[in-house]
Each structure stands twice: as structure tokens, then as C-alpha cells.
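One-letter residues, chain by chain:
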Amino acid sequence: MENRGGLAAFVLAIMFFQTIVEKLAIAEEMPQRIVSIHLCADQFTLALANRAQIASLSYLATDESRSYMANAAKGIQLNNGTAEEVVALRPDLVLAGFMSARATIESLQALGYRVLELALSTNFDDIRAQIQLLADILGNPKKGKTLIAKMDQQLETAVTDIYGSRPLAAIYQPMGFTSGRGSLESSILISAGFENLAVRLKMGALGHLPLETLISARPSLLVNWMGDDPHPSLSRAGYAHPVLAKGPWQIAFIPNKLWSCGAWYSALAVKQLAAIRRSLKK
Amino acid sequence: MIRKTHQKTFTLYTGLALLVGLLFITSMFIGPSTLSINAVWAALVAPDQSPSAIIVNQIRLPRTILAALVGATLGLAGATLQGLLRNPLAEPGIIGASSGAALGASLVLYFGLAEISILALPIAGMIGALIAVAMLFLLAGRNASPLALILSGVAISSFASALTALAINLASSAYAALEITFWLMGSLTDRSMTHVALAAPAMGVGWVLMLSGARSLSILSLGEDTASSLGVSLNTLRVRLVLGIAIAVGAAVSISGAIGFVGLIVPHILRPFVGFEPGRLLGVSLLGGSALVIAADIAVRLLSTGIEIRLGVVTSLIGAPFFLFLLLKLRRGTI
């Protein structure tokens, strides 16, 4: 009996010791000069790292129309994502992402910098995994868990009333671009309780929806996530086809910044769309 | 003899007009949704708010009308340029008129001028085309060799494309950049009657200006001195035709984007049928261009599944090898 107790105490002591060692290891590895050259990495860094750890963020980080964390990014040095700038910032961790210039990443790696490339998350499982991975690497695993919990809670409230058939909706960007299977947009739409027209038509991540198809399929909602882009473009200039405004559908404009990255705030896009779905049913 | 020529011309016009009509009707049946003959007919004669009526009247009809008008413009402009420059390789795309129009239009997109007035796009297209053609005349001169002409065209095109690329490069919205890029590929997908109303009048004015020069063009083929002695004022003719080309091509390109090589292929195919007379080539090239672009736009719809193949991409895929073939023929001295 005594022996057993002793053993248990021993095991507990080892476990305790191990956690301390792990904690120390993490603290030691905790990057102190993080440089991000990617819009999505900027926002994750702001949410998961301590401010003192951040050396620089990409020039898009403070753009209100593209970055959900634009406010938090104010006051932090910005960069244009060239290797030269990054080297001058003496980073101990460089965060890049999908569509970052390959040449920049390769030259930074060749110079011996630790570069982490974020993949594009196209569904909420990816997003959870990415948040936790980054939180661990940035040395704040707890912040990651909190963020995931917050996201999951928002997702849950959005889908409490999904039962039976889902209303048909389509992502419809100016010029008829749409998003089907394997895209973040589709995951957001489906998580909000809709059926995605592009998926029904077996389209991949990027597809094209001719107006004709839209008129025959008669979705009850068209989702545009570019509508609030303040920069000039044809779509804003009234070149859209008049039929679009007269269809049997409602058109929803969801802020662009909620879609540009697969992140915890993607759940906010789900929430907004779910609210629209409820108003449709009435 | 004259009577026979007239008869042949009449047959040619009738044949081409029938072809355009046939293709026009066919085009009304082509699209992602299958509509029966009855449905299309019902939609045309008694339009209501049913999906099939909307599809036929507001999507397929404007698209087909624009294909016909843009094709006619490009065919006619090609024949006019070839007559005026007395060069079988002249074409709005090759001499830089289309790139000039495209530049004008992309600057409008880039600076957001289209939001001020919907007319900004066609007007900028016309100004761009006009500057490009004027520059061609300055660079190549009147009696330029085919090679000098094409080199000047390449220079103008490249410069206009470089400036367009700069606009894409500096575009403040990724979406605007994407829009310009895709628009440059040329397409008539999902155009509306608004676009028809926007571009048709200008194209009409351009056609009248070009067609009114038909007789003078035929006389010009006898040589500039002969033409002058027969009372053709070369400068007036040049100004009239260049204005006509710029106005029509500028308006067309601003709605459809760049659709290349139509003005090269059509006059070349039709030239033997009109006895190699430049003036008589104009009217038939107008109809021929119309037929070619409607046919290409039908092909685009039949070929596209998922992501749309752009009309300009299709005409260039056919046109570029054709251009090479013409160049080889030219080197052998067979045209």
C-alpha cells in the first residue's frame, strides 16, 4: 500500500517535472521577433502572440477592408514582404502563407531563417488545426484553445435550427465567379445551413455560374463577399446585368474581410448568413 | 459583264446574310439550360417573366446581338484597314487599335471613372483606338511596306499592353485587377441590352463612316496618283476612315474586350469572291465578321464546362496560326 502510494507520488512528480521541462522548452523556443509577410498570418499573429513578440506585419494588416484585425495592427511596423526587409528586421520566425512569393520564401530559407508557411484553410477542421498549431509555435497554446472555443460556440449557435431541407444558395461574385467543393466559401455557406448551388452542379473550388444557370436553378440567396470593397471595379460601376436585381433571390453582401482567410472569424460570416437564412424562412 | 458581277455580288450578300441569320437563330438555342424550340419561340413572341423568357430575351438575345455587331465591326474594320493601307496583314488587333481601346477602357476601370458615367468605358475605348491608329500612321507612314506596318503595329500594341499591365499591376483592388485581366481576354457572357444600347449607336456611326469610303477605296487601289486625278481626296478619306475605325472598334472593344484576328481572317477569305476589289470587300466583310463571331461565341458555349473559355481566346487560337500562314504566303509572294 505504502509502496503504491510512493509509486504514485513518484509518477506524479515525474509528470510534474515533465510539464515544467516542456513549459521551459516552449518558453525557450517562444519566438521573440515574429515577422509576418502574409495577411492571414498577420491576423493570427495579432490574435495568438503577445504584442511584444511581433516585430512586423504585412502592409495589408492595417487595411480596414481586408483585415479583420486592422485596429489591433495599428502602431506595428509594416513590411512589403521582400526578403531584404525581412532580413533587416532580424526575425527569429517568419510567417508566410499561400500565394506568398516562392522566391522570397526560398531565399529566406537559404539564409537560414525559420519560415512557416500557412496553408489555406478551406473548412473549420483545418481552421481549428491551424489555430492550435500556430498557438503552440508562438508559445501561447492557451490562447489557441480559447480562440477555438469561441469560434465553436459561434458556429453552434448558427446551426441550432438546421433540420430537414436546406435553402439553396450560391456564392455569386461579379462576372459570375462562384465557389464549389473544397473552398472556404462553400464551407461557410454550408455551415450556415444552406445548400451550395455550385456543389450541386459538381463545381470545384473556383467555378463560373452563367446567369442562365442561375435563372433556371432559382436559388433563394446570392452571396457576394466583394460588395463592400471600396476600391474601383466594374462590378461597382453598374455594369451588372439588370436581371440580377430582378431575380427571385435575395442578395447578401458579407464583408470581404471575413472571407479572405480561413480563420476564427469565418464563424462570424457563418453567423451573419445563418441570420439571413432565418429571415428567408419567414 | 457588269450585270454578271452584280448578280454574283447579290448572291454573295444573300448567302452571307442567310448564314448570319441561321447562326443568329442557332445561338438563341445554345446555353447551359436546354430550351425547346417552342419555349424559345414563345419567349420571343410573348415575353413574360418566366425563367425561359428571361433567359431568351435578356441573356441570349443581347449576347447574340452583340456578337453580330462586334463581329461586323471587326470584319469591316479589317477590310477597311487593309484597303486603306493596301496591306493584307492590317487588322485592328495587329495594328494596335484593339490594344489602344483596351488600354483606354482599363484606365477607366482602374481609376473608377466608370462609376461616374456608364458612357466612360466606350468613350475611353474610342479615344484609345484613335490614338493607336493615329500613331500607326505617324510611325509607318502612308506607303509603308507590310513589314514596317506590322512592326509599327507590334510597337504600338506592346506599348499599350505594357501600360495596361501597369494598370493591373497598380490596381488597388485585387478584384479590379482580375476584372481587367479577364476582360482583356474578350467575352460576351452575360451582357445585357444596356450594353447593346451603349455600343450599338457608336458602332453604327463608325460603319457609316467606313462604308461611305468604299468607292474611294476601290479607286485608291489603282494608285494614289490615279485616285487623286479621279477626284479622291486622300486626306479626307484617311481621316474619315480612321475616325470610323476608331469609333466602331473602340465601342466594340469596350463592351466585349479584345477579340482578335476577326478582321484578318474574314477579309482574306472573302477577297477572291469580290474580284480583289477593296471597296466591294467592305460590305461582305461586315456580314462575314458577324457570322464568324456568332459562330465562335456558339463554340465557346458548347466547349465551356465549369470555367468559361473566353471568346477572345478562341478567336486568337484560330487567328494566330492563320496570321502565320498569311505571313508565309506573303514571303512566297503569293498574295
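What counts, and where the lines are drawn
- Residues numbered from 1 in each chain as written.
- Chains lettered and ligands numbered in written order.
- Predicted model: local features only at pLDDT ≥ 70, side-chain atom pairs only at ≥ 80, totals over all residues.
- Heavy atoms only, no water.
- Helix = DSSP H or I, 4+ residues; strand = E, 2+ residues; numbered from the N terminus.
- Rg over C-alpha atoms; globule rule 2.2 N^0.38 Å.
- Contact = heavy atoms within 4.5 Å.
- Areas by Shrake-Rupley, 256 points an atom, 1.4 Å probe, with all protein chains shown as cover.
- Lys, Arg positive; Asp, Glu negative; His and termini not counted.
- Charge placed at Lys NZ, Arg CZ, Asp CG, Glu CD.
- Buried area = accessible area lost by both parts, 1.4 Å probe.
- Salt bridge = Lys/Arg side-chain N within 4 Å of Asp/Glu carboxyl O.
- Phe/Tyr/Trp six-rings, centres within 6.5 Å; stacked < 30°, edge-to-face > 60°.
- Buried < 20%, exposed > 50% of the residue type's maximum accessible area, 1.4 Å probe, protein only.
- Domains from an automatic or database assignment.
- Polar contact = N/O pair within 3.5 Å; in protein donor to acceptor, adjacent residues only side chain to side chain.
- Nonpolar A, V, L, I, M, F, W, Y, C, P; charged D, E, K, R; others polar.
- Core = buried A, V, L, I, M, F, W, Y, C linked by side-chain atoms within 4.5 Å.
- Axes fitted to C-alpha atoms, helices over the stretch in contact; angles between N-to-C directions.
- Parallel < 35°, antiparallel > 145°, perpendicular 65-115°, else oblique.
- Left-handed = near helix turned anticlockwise from the far one by under 90°.
- pLDDT = per-residue confidence, 0-100.
- Pairing = 2+ DSSP bridges.
- Right-handed = clockwise from strand over helix to strand, strands pointing away.

(A) Structural view of the overall build of chain B. Looking only at helices and strands, chain B has 14 helices and zero strands in total. For chain B, the α and β elements follow one another from N to C terminus as α-α-α-α-α-α-α-α-α-α-α-α-α-α. Taken over C-alpha atoms, the radius of gyration comes to 20 Å for chain B, in line with the 20 Å a tight globule of 335 residues would show. Taken along the three principal axes of its C-alpha coordinates, chain B extends 60 × 55 × 35 Å. A fraction of 79% describes how many contacts in chain B between residues 6 or more apart in sequence connect residues 24 or more apart. For chain B, the exposed surface amounts to about 14100 Å²; the carbon and sulfur share of it is 72%. Of the charged side chains in chain B, 18 are positive and 10 negative; the average position of the first set lies 14 Å away from that of the second.

(B) Region of interest: the interface of chain A and chain B. At the junction of the two partners, chain A supplies 32 residues and chain B supplies 38 residues. Taking both partners together, chain A and chain B bury about 2900 Å²; carbon and sulfur atoms supply 63% of that area. Linking chain A to chain B there are one salt bridge. Ionic pairing is found between B:R60 and A:E212, a salt bridge with its closest N-O pair at 2.6 Å.

(C) Up close: the packing of aromatic side chains. In this structure the tally under the stated criterion is eight aromatic pairs over all chains. Of the aromatic side chains, those joined through ring pairs into one cluster are A:F44, A:Y68, A:W264 and A:Y265.

(D) The arrangement of the side chain of A:Q53 in detail. Residues and elements named next belong to chain A. For Q53, the position within the fold is in the loop between helix 2 (39-48) and strand 2 (54-58). Residue class for Q53 comes out buried when judged on its relative accessible area of 2%. Each residue touching Q53, except ones within four places of it in the same chain, is listed here: M30, P31, Q32, R33, I34, L138 and N140.

(E) Main features of the domain arrangement of chain A. Residue and element names in this part refer to chain A. What the domain assignment reports for chain A is domain 1 (31-118) and domain 2 (154-281). Using C-alpha coordinates to define each centre, domain 1 is positioned 30 Å away from domain 2. Between domain 1 and domain 2, the residue contacts involve 13 residues of the former and twelve residues of the latter. In total, about 990 Å² of surface goes out of reach between domain 1 and domain 2, with carbon and sulfur atoms giving 66% of it. Summed over the three residues of domain 1 that lose the most area to domain 2, namely S65, R66 and Y68, the buried surface amounts to 53% of that side. Taken together, domain 1 and domain 2 are joined by zero salt bridges. For the pair domain 1 and domain 2, the interface holds two residue pairs in polar contact (both at pLDDT 80 or more). Here the residues of the side of domain 1 that touches domain 2 are counted per class, giving seven nonpolar, three polar and three charged.

(F) Representation of the nonpolar core within the structure. Ranked by size, the top nonpolar core spans 86 residues in total, and within it B:M203 and B:W207 carry the most contacts. Non-local contacts of B:W207, meaning those with residues more than four positions away in its chain, are made with B:L69, B:A72, B:T73, B:L76, B:A248 and B:L286. Counting 59 residues, the second largest nonpolar core, distinct from the first, contains A:I34, A:F44, A:A169 and A:A263.

(G) View of the packing of helix 12 (residues 262-270) of chain B against helix 13 (residues 278-303) of chain B. Residues and elements named next belong to chain B. In the contact formed by helix 12 and helix 13, the axes pass within 9 Å of each other and the chain directions differ by 125 degrees. Our classification of the angle between helix 12 and helix 13 gives oblique. With respect to the hand of their crossing, helix 12 and helix 13 are arranged in right-handed fashion. Along the contact surface, helix 12 presents V262, I265, V266, P267 and L270, while helix 13 presents L281, V284, S285, G288, G289, L292 and V293. Split by residue class, the contact of helix 12 with helix 13 holds nine nonpolar, three polar and no charged.

(H) Structural context of the confidence of the model for chain B. For chain B, the mean per-residue pLDDT works out to 88, and 97% of the residues sit at or above 70. Scoring of the predicted complex yields 0.83 for pTM and 0.75 for ipTM.

(I) View of the sheet that holds strand 2 of chain A. Residues and elements named next belong to chain A. Read from one edge to the other, the open sheet built from five strands follows the order 3-2-1-4-5, with strand pairing classed as parallel. The sheet is open, and its two borders are formed by strand 3 (78-79) and strand 5 (115-118), each paired with just one other strand. Seen against the sheet, helix 2 touches strand 1 (34-36), strand 2, strand 4 (93-97) and strand 5 and runs at an angle of roughly 145 degrees to strand 2. The strands that helix 6 (residues 124-138) touches are strand 1, strand 4 and strand 5; relative to strand 5, the one it contacts most, it runs at about 165 degrees.

(J) Representation of the pairing of strand 2 of chain A in the model. Residues and elements named next belong to chain A. Within strand 2, five of the five residues are buried, leaving the element largely enclosed by the surrounding structure. Relative to strand 2, strand 1 runs parallel, the two sharing two bridges. Counterpart to I34 in the pairing with strand 2 is I54. A crossover connection joins strand 1 to the parallel strand 2 through helix 2; in handedness this β-α-β unit is right-handed. Here two bridges tie strand 2 to strand 3, and the two strands are oriented parallel to one another. Across the sheet, residue S58 finds its bridge partner in strand 3, namely N79.

(K) Focus on the pattern of salt bridges. Residue and element names in this part refer to chain A. In total, this model carries 13 salt bridges over all chains according to the counting rule given. Of the charged contacts in the structure, one is a salt bridge between K74 and E64, with a shortest N-O distance of 3.4 Å. Taken together, the residues K74 in the loop between helix 3 (70-73) and strand 3 and E64 in the loop between strand 2 and helix 3 connect sequence positions ten residues apart. K74 sits in the partly exposed class, given a relative accessible area of 43%. The shortest N-O distance in the salt bridge between E106 and R102 comes to 3.8 Å. Remark: R102 and E106 occur in helix 5 (residues 102-110); sequence separation between them is four residues, near one turn of the helix. E106 sits in the partly exposed class, given a relative accessible area of 43%. You can call R102 partly exposed: its relative accessible area is 42%.

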